[in-house]
Every structure is written in structure tokens, then in C-alpha cells.
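Structural overview for review
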Amino acid sequence: MAPFLLWQVLASGLLTGLLYALLAAGFALLFGIVRTFNLAHGELLILSGYLALGLRDVGGLPLMAAVPLVAAAAAGLALLLHQGVARLQEPRELGSLVFTFGASLALQGLMLLIWQGNYRLLLAEALEAGVAIGPVTLSAKGLLAAMGSLLLIGGLAWFLGRTLEGKALRAVSLNREGASLMGIHLPRAERLAFAIGGGLAGVAGLLYALIHALYPAAGLEPTLIALTLTILAGVGRLGGLLAGGLLLGVLEAAVVLLAGGAWRELAIALFLLLVLRLSGTGLLGRRRE
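Here is what the cut-offs are and how they apply
- Residues numbered from 1 in each chain as written.
- Predicted model: local features only at pLDDT ≥ 70, side-chain atom pairs only at ≥ 80, totals over all residues.
- Heavy atoms only, no water.
- Buried < 20%, exposed > 50% of the residue type's maximum accessible area, 1.4 Å probe, protein only.
- Helix = DSSP H or I, 4+ residues; strand = E, 2+ residues; numbered from the N terminus.
- Pairing = 2+ DSSP bridges.
- Contact = heavy atoms within 4.5 Å.
- Core = buried A, V, L, I, M, F, W, Y, C linked by side-chain atoms within 4.5 Å.
- Axes fitted to C-alpha atoms, helices over the stretch in contact; angles between N-to-C directions.
- Parallel < 35°, antiparallel > 145°, perpendicular 65-115°, else oblique.
- Left-handed = near helix turned anticlockwise from the far one by under 90°.
- 1 Å grid on protein atoms, 1.4 Å probe; cavity = no way out; pocket = protein on both sides within 12 Å on 5 of 7 lines; lining within 4 Å.
- Points joined across faces, edges and corners; volume = space filled by probe spheres on them.
- Nonpolar A, V, L, I, M, F, W, Y, C, P; charged D, E, K, R; others polar.
- pLDDT = per-residue confidence, 0-100.

**Here we look at the pairing of strand β2 (residues 136–139)**
Side chains V136 and L138 of β2 all project onto a buried face; the interleaved residues T137 and S139 project onto a face where none is buried. Pairing between strand β1 (residues 130–133) and β2: 4 bridges, direction antiparallel. Pairing of V131 across the sheet is with L138, part of β2. The loop that links β1 with its antiparallel partner β2 comprises 2 residues; one of these, G134, has a positive phi angle of about 65 degrees.

Dropping the structure here:
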């Protein structure tokens, strides 16, 4: 492979990887706090992309103005999911998998009813141009999605590390019983985790729709990516999520260049299988729970 192609693959993969890390951030946060895999995560992302599309086409709002509205709507839907999960009987982990899977099917049906099965694109013509940086050329929409993802991941890291509420969430993710004994209200922590996870999914869905086409069944791929990175990184490791996202993005870019875009989904699935074969340590070498 020519050196400039290597640089192109690396740069494109890193941009995509930042978005992938954001896709997994809300999913991993819920898993750390509530101890469940939210199988409706991808549908929430895709629905957020559709909402941004509707706000642009029907309401005439620019994409930047739609960001807080989409985030608030996704957070509200996530809190509705929490109401269902909180009422499940033990073992709640298993029941939540069934519940969120049912929610994902319901959201797919809703999107199919409203927007039909046609592919939709959330693209501004100004973002179609390429941006030359040294020996590589990157798409403007990819750069926008990567910068937005990096900003949100940094904001989440600051919240978890610097605020009282964030430290409480970290404590719950490490030891629920110990956090409860220290006075942390677990139901409130779970509600906060669902709200933050939903808001992150909302913005991630908008950024994801800048690059990928929207259709009702498109949520499976983001859910698979989020699941892969969460397992790879371990509980409560934003650094692991970021490193895993970058690794997956570079791997995907190399597969697309060498074998074509048709092999992209297979590469992600094989990457998940490889992750499942890892030992009990996360990507950064710390012991996973």
C-alpha cells in the first residue's frame, strides 16, 4: 500500500472512530450504572436523526439549532425507557434485555409508519466538499462529526470527573451497594444516567446521520458498535471507549479500501467476535468487572 494511502486510511479511520466512541458513550454509561445493555440504543440514534431531518425540512431550523431540541427529545424518550426498566422484576438484567429489545422493535415500527422505508440523507451541500490536510483529503461532514464527537466526549469526561453528580455516577458504576451506603440515591442516579445517555444518543444520531443514510432498520449497526466498544473498554472507561473507537474506525477504513464497502458490516461483526475472545482485561489493561 502506498504511503499516502496509509495516511488516508489512518486519518479517515480516526475521524470515524471518534464518532464511534460517541455512539458507545451513552450505551456504556447505562451499562455501568444500570447494568443492562440497552438494545434500543441504535433506534434512539436513528430516530434522533429523523427528528433533525424533520426539524430542518418542516420547521426550517438549521442543524445547529436542532441539536438541543433533538438531545432533549432523546433524553425524554430515554427517561420513558427508564420507567419501564425500573418496574421490571428480578432478575432485572435479563428482563431489561427483553424490554429494550421490544422497545427497539416498536421504535422501528414507528419510524417505518412515519417515514416509510426510503433512505433519507441529512446532508448540507456545503458539507460535501473535501478538506485537504497535508497528504490526505477529508470530507467536511466527517470533520464536523469528529469535532462534535470529541467535544461531547470531553464534556462527558469533565462531568464525570469534576462534578458532584458525575462522581456519584462513577461511584455507582464501581460499587452500587457501597455508593448506596454512602448516601447516593440509586434510583436518582439511574434516572440521571438514562437522561445523559439519551441526550448523548440524540446528538450522536444527528452526527451519525451526516455520514450515513437513515432508514428504519439502521439502528442495528450503531447498537452493535456500541456493544462491541463497551465490552472492549470495560465498565466506566472513557479512555478505553475512545481507544476502541479509534481502533475500530481505522480497521473499518482499511477494510473498505482493500475489500470494498460491502465488507464493512462483516468486519464490525468479526471485530465483536474477536473482542468476546479477549481475556478479562479491558483495552487499557485494567481488570474488567
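**Describing the side chain of E252**
With respect to the secondary-structure elements, E252 resides in helix α10 (residues 238–259). E252 sits in the buried class, given a relative accessible area of 9%. Look past the residues within four positions of E252 in its chain and what remains in contact with it is T16, Y20, R264 and I268.

**Some details on the nonpolar core**
Residues L23 and L207 are the most contacted members of the largest nonpolar core, which totals 70 residues. Per-element tally for this core: the top contributor is helix α8 (residues 186–211), with 14 residues.

**A closer look at the packing of helix α2 (residues 41–57) against α8**
Contact pair α2 / α8: the axes reach a minimum separation of 7 Å and the direction vectors enclose 60 degrees. Comparing the axis directions of α2 and α8 gives the class oblique. Considering only the axes of α2 and α8, their crossing is right-handed. In this structure, α2 contributes H41, L44, L45, I46, S48, G49 and A52 to the contact, and α8 contributes G198, A201, G202, A204, G205, L206, Y208 and A209.

**Let's talk about empty space enclosed by the protein**
This structure, assessed with the given rule, holds 1 cavity of 30 Å³ or more. Lining the largest cavity, in full, are G26, F27, L30, N38, H41, L44, A78, L81, F194, G197, G198 and A201. Listed by contribution, the elements that provide at least two residues to the lining of the largest cavity are α1 (3–34), α2, α3 (63–86) and α8. Here the lining of the largest cavity is composed, by residue class, of 7 nonpolar, 5 polar and no charged.

**Brief notes about the confidence of the model for the protein**
Of the residues in the protein, 91% have a pLDDT of 70 or more, and the chain-wide mean is 86. Across the protein, the secondary-structure element scoring lowest on mean pLDDT is β1, at 72, and the one scoring highest is α8, at 94. Overall, residues 285–289 carries pLDDT values under 50, and its contacts beyond four positions in sequence, including any with other chains, amount to 16 contacts.

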